[in-house]
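Inside the fold
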Amino acid sequence: MADQDRVSQLVIGIFKSPTWIIPISQFVDQNCLVFEDQEENKLEYTLVHNSFKQLVEDLLAAHLVEMDISTDEFNSFCEYGLSGSNELHRSLVEQLISVEDFLVFKAMMLKRNSELTREALNPVSYVVVADEPGLPPPPLAPPGETEVTSGPAISETEAERLMRLEAEQRCVEAELQLAVAL
């Protein structure tokens, strides 16, 4: 049991490590834009999913070697995680298993795509500070938008508002798909 706890703590450390998080986050951000919220799945989705599975497998293998965790120890960790009562342990193993599930992967990619779209569509705001000696004047508001002397100075147009609402709706739908897939 002590060995299970040691391996469990090491695996938790792997999943929290920047050498695990950063490559996966970069992969998702770089590839999520090809995913569209449609019933039909494109061949490209399968290729991206296969690349993702390979990335996770390679990262996991490298981290296990680095942490000196044998294949037998890791397999035991996974078996115990699925049959044991430790919720965190079970969750870690289920996350690893879900990497193979295309529908979970697609839902994750759609959700991230929607989040990035929403971030891109959110208007940027700036605050106008009272005139201070030596500071240049604040920027003028873009054409068609009103300038406010304090608080956010940019108001979104109707088209931008509709695009933002649509992106938020796609994000909610992607989250629902992810919940259903799990």
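What counts, and at which threshold
Residues numbered from 1 in each chain as written. Predicted model: local features only at pLDDT ≥ 70, side-chain atom pairs only at ≥ 80, totals over all residues. Heavy atoms only, no water. Salt bridge = Lys/Arg side-chain N within 4 Å of Asp/Glu carboxyl O. Helix = DSSP H or I, 4+ residues; strand = E, 2+ residues; numbered from the N terminus. Buried < 20%, exposed > 50% of the residue type's maximum accessible area, 1.4 Å probe, protein only. Expected span 1.5 Å × (residues − 1). Phe/Tyr/Trp six-rings, centres within 6.5 Å; stacked < 30°, edge-to-face > 60°.

**What to know about the pattern of salt bridges**
- Within the structure shown, the criterion is met by 8 salt bridges.
- Here Glu73 makes a salt bridge to Arg6, at a shortest N to O gap of 2.6 Å. Highlighted residues: Glu73 in helix H4 (residues 71-83) and Arg6 in helix H1 (residues 2-16), separated in sequence by 67 residues.
- Measuring nitrogen to oxygen at the nearest pair gives 3.2 Å for the salt bridge that ties Glu115 to Arg112. Taken as a pair, Glu115 and Arg112 lie in helix H6 (residues 102-121) at a separation of 3 residues, close to a single helical turn.
- Taking the relative accessible area as the measure of exposure, Glu115 reaches 23% and is therefore partly exposed.
- By sharing partners, the salt bridges in this structure join Asp29, Lys111, Arg112, Glu115 and Glu119 into a single network.

**Let's talk about helix H3 (residues 43-66)**
- In a regular helix each residue adds 1.5 Å, so 24 residues correspond to 34 Å; H3 covers 35 Å between its end C-alpha atoms and thus fits that length.
- By the burial criterion, the buried members of H3 are Tyr45, Val48, His49, Phe52, Val56, Leu59, Leu60, His63 and Leu64.

**Comments concerning the packing of aromatic side chains**
- Within the structure shown, the criterion is met by 6 aromatic pairs.
- On the basis of an interplanar angle of 45° and a centroid distance of 5.6 Å, the ring pair of Phe27 and Phe52 is categorised as tilted. Here Phe52 lies in helix H3 and Phe27 lies in helix H2 (residues 18-31), a separation of 25 residues in the sequence. Like Phe27, the residue Phe52 is buried in the burial classification.

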